[in-house]
Amino acid sequence: MTTKVEHAIEVEHLTKRYGNLVAVSDISFNVMQGEVFAFLGPNGAGKTTTVEIADTISKPTSGKVRILGMDVTKGKRDIVPRIGVLPQGFSSFDRITVRETMQYYSRLFRRRNADIDGLLDLVNLNDKAKEQYMKLSGGLKQRLGIAIALVNDPEIVFLDEPTTGLDPRARREVWEVLLGLKKKGTTVFLTTHYIEEAELLADTVAIISKGKIIAMDSPVQLIERNADYLVLTMQSVDERAFEVLVKMGFDLDRNNRKNINVRVERAEDIRKILNSMKDAGASLPGIDVRRPSLEQVFLKLTGEALEDTYEGKGAE
Amino acid sequence: MNLRVVGASLIVSLKIFYREKTTMFFTTTFPILLILVFGTIFVDQDKVNFDLCLQDLDRTETSAEIAKALALTGKFRIIEVDPAVDAVRYAGENKVNLVLVIPKDYEKSYVRYLQFDDPTAFATIEYVYDPSSSSVDKKIEILELVFARLNQGLSGKPQFARTEEISIHTRKYRFIDFFIPGIIAMAVMTASLFGTVNVNTELRQKGIIRKLSTTPITHTDWILSNILYQFVLAAISTTAMLLVSYAVFDVTLLINAWLPLFIVLDVFTFVGIGMILTRVAKEAQSAAAAANAVIFPMMFLSGSFVPLEMMPRYLQTFARALPLYYVNEGLRAAMVFHDNMTALIYSAIIGTFAVMVFILGITAARWEGSK
């Protein structure tokens, strides 16, 4: 019998140590039913350690983690049938086909009537049903991993770095699947080091760094609360405009040869800049004023950039 | 424990086995090839036939009798060497490990010894040989017997000390009969140990075990499916080996309940050892090295290929500490000698060992969820 609880996941003062290394240090948070919760942080921040405790793969050193009201250290047997997990670096049996893999996992969950065709449709893998796992591309493998995580119709889905290592196109395909889950109201616990992924998919983002949660809110609120400045972007500026800005003492970020991002603390500074440009006769074809992105908030809060952003070249 | 889950895992393992042709080859065909190769070499050691180079420097009717006597033993195919060549040079140039040289004046000495009772008369037959050759000792041993008989015949007196062979077995056994149970034990050991170590290390390295630990399959279900999988492989390879042995070498092995019992104990023992090694080895490469470190001493020292009597005493003592020795000897007792008491004793020894090592293996092997 399943009981309905308000919080799908409750984490209280969770700490995990490996010898002298503290991977996760005294973190607490809750995930609501139907919420998409993203853990955002660089490699080694403690994301996987936390998710592996929550999805029963490993055990905490101290603190409490409850899944659907059940303690993970005592209720593994009852928790496992109600959750779906895509572990980091998911892999499956090389010579078993997509359909056979789905059938195998559905048998493990004693779900003989699992809608395998429906799940393969959801992740757009129906035409690959007879392909062996070893012959699938990285993106198709991840999509199969997500389909497997859904084979038992879980109440919570844990996705540990679901798009790491995928090319932008494959990443977008996985995002489509995850947006479908969000639409269905499935509770999703996602870890990622892609800011765009967290911003696009998550209702709540927790920024984790060196084993500690340093900020947690909706992406919009995170930006609102942590962005006490504006970013003025001037497009296709000439050298004269650049000199004016340097003379005025602004913090500049020249992201390519022509565009300049200027961090301004007050709205009236924008007027001052534009007047100075006009007086100096600098060319100014286009301007844009906006709040900083989640990436800039992340940088401000953690003091470190994420290694692999959407625009980044490599996968880890 | 859920038998449906165990069954589903077993089916997946069998599909992988069927689709991985290399694994299939090494599990079924390789032991058969071993049987065919060794069986052909040792099929009937009584019919062993050596080439023997003979240089007759005397070239008389009496010296020719030696060649006839040697041919009559059935052990030699005589190759005549030209008396004009140097025997040592001939052996070196033609890579011959033994040339028997009958001296000039052999017949004269023979006549003096036999007809004139001259006690000083003798003939020296030379063995020009390569001491580094492994088969030359056997050839000289047979030649010594032939010449001992010749000398004894020339003395004109009947043999005093005579010998008679009385076998402790009611039937005459061939080497191949002893060889097949050893190969069965070895093939099952290799498949069980390598199967457990390789598959589990690979699955762990790929993260599949970690994924499985987030499903309702338990550690016990997984181990049980592994054991059943190894039983199926053992049954397939044993059946194939026996069929080839009966069809090609006409072996006379008794097949009864002892055979499956020893196979089961063999599987349990080496799956258990495999689980311990899986715990120790972190990667597939180190796992394969660890498995080899166990398999090779077992293969060569436990009597699968070489009888224990041929080994130095300290190695014989060591061999008796190896589990495969008890499977080998137990299977031979049951299949070759029909000796139920010995089979019972050896099954009890290997059974106790299997239980111990299997419990240790289950304790050592760690399901990801408990880390």
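Sequence positions are assigned chain by chain, starting from 1 and proceeding in written order. By the order in which they are written, chains take letters starting at A while ligands take numbers starting at 1. Local features in this predicted model are restricted to residues of pLDDT 70 or higher, and side-chain atom pairs are both shown and tallied only at a pLDDT of 80 or more, whereas totals for entire chains, interfaces and linings draw on every residue.

## As for the overall build of chain A
Alright, step 1. Numbered from the N terminus, helices here are DSSP runs of H or I no shorter than four residues, and strands are runs of E no shorter than two. Each helix and strand in chain A was counted, giving 11 helices and 14 strands.
Alright, step 2. Here a residue counts as buried when 20 or more other C-beta atoms sit within 10 Å of its C-beta, as exposed when there are 12 or fewer, and as partly exposed otherwise, the C-beta atoms being derived from the backbone. For chain A, with 316 residues in total, the buried portion stands at 40%.

## A closer look at the interface of chain B and chain A
Alright, step 1. Contacts between the two partners involve 21 residues from chain B, matched on the other side by 23 residues from chain A.
Alright, step 2. Mapped onto the side of chain B that touches chain A, the elements with two or more residues apiece are helix H1 (3–19) and helix H8 (208–212) of chain B.
Alright, step 3. Looking at the side of chain B that touches chain A, its residues break down into seven nonpolar, five polar and nine charged. Any pair of residues counts as being in contact when their C-beta atoms, constructed from backbone geometry, are within 7 Å of one another. Three categories are distinguished: nonpolar for Ala, Val, Leu, Ile, Met, Phe, Trp, Tyr, Cys and Pro, charged for Asp, Glu, Lys and Arg, and polar for the others, with Gly belonging to the last.

## Examining the nonpolar core
Alright, step 1. Only buried residues count toward a nonpolar core: Ala, Val, Leu, Ile, Met, Phe, Trp, Tyr and Cys, linked into one set through C-beta atoms within 7 Å. A:Ala38, A:Ala147, A:Phe158, A:Phe189 and A:Leu190 are the most contacted members of the largest nonpolar core, which totals 142 residues.
Alright, step 2. It is helix H7 (residues 175–206) of chain B that contributes the most residues to this core, 14 residues altogether.
Alright, step 3. Excluding residues that lie within four positions of it along the chain, A:Phe158 makes contacts with A:Val51, A:Ala54, A:Asp55, A:Ile83, A:Val85, A:Leu86 and A:Phe189.
Alright, step 4. In this structure, B:Leu52, B:Leu54, B:Val99 and B:Tyr106 belong to the second largest nonpolar core, which totals 16 residues.

## Examining the sheet that holds strand E4 (residues 126–129) of chain B
Adjacent strands of a sheet form backbone hydrogen bonds with each other and so pair up, either parallel or antiparallel.
Residue and element names in this part refer to chain B.
Alright, step 1. Strand order in the open sheet formed by four strands is E2-E1-E3-E4, with mixed pairing between adjacent strands. Looking along the sheet, the strands with just one partner apiece sit at the ends: strand E2 (76–81) and E4. If you compare each strand with its neighbour and ignore which way they point, the axes differ by 30 degrees on average.
Alright, step 2. With six bridges joining them, strand E1 (residues 50–56) and E2 adopt parallel strand pairing. Should DSSP find at least two bridges between two strands, the strands are taken to pair. Where helices are involved, their axes are fitted lines through C-alpha atoms of the stretch in contact, as for all axes, and angles between N-to-C directions lie from 0 to 180°.

## Thoughts on the domain arrangement of chain B
Alright, step 1. Per the annotation, domain bounds derive from an automatic or database assignment of domains. Segmenting chain B into domains produces domain 1 (45–167) and domain 2 (175–370).
Alright, step 2. Each of domain 1 of chain B and domain 2 of chain B has a C-alpha centre, and these two points are 49 Å apart.

## Some points on unusual backbone geometry
Alright, step 1. Positive phi values are uncommon outside glycine, yet A:Asn124 reaches one of about 55 degrees.
Alright, step 2. Residue class for A:Asn124 comes out partly exposed when judged on the 14 C-beta atoms lying within 10 Å of it.
Alright, step 3. Of note in this structure, B:Arg59 is not a glycine but carries a positive phi near 55 degrees.
Alright, step 4. Looking at the secondary structure, you find B:Arg59 in the loop between E1 and helix H3 (61–72).
Alright, step 5. Taking the number of C-beta atoms within 10 Å as the measure of exposure, B:Arg59 has 12 and is therefore exposed.

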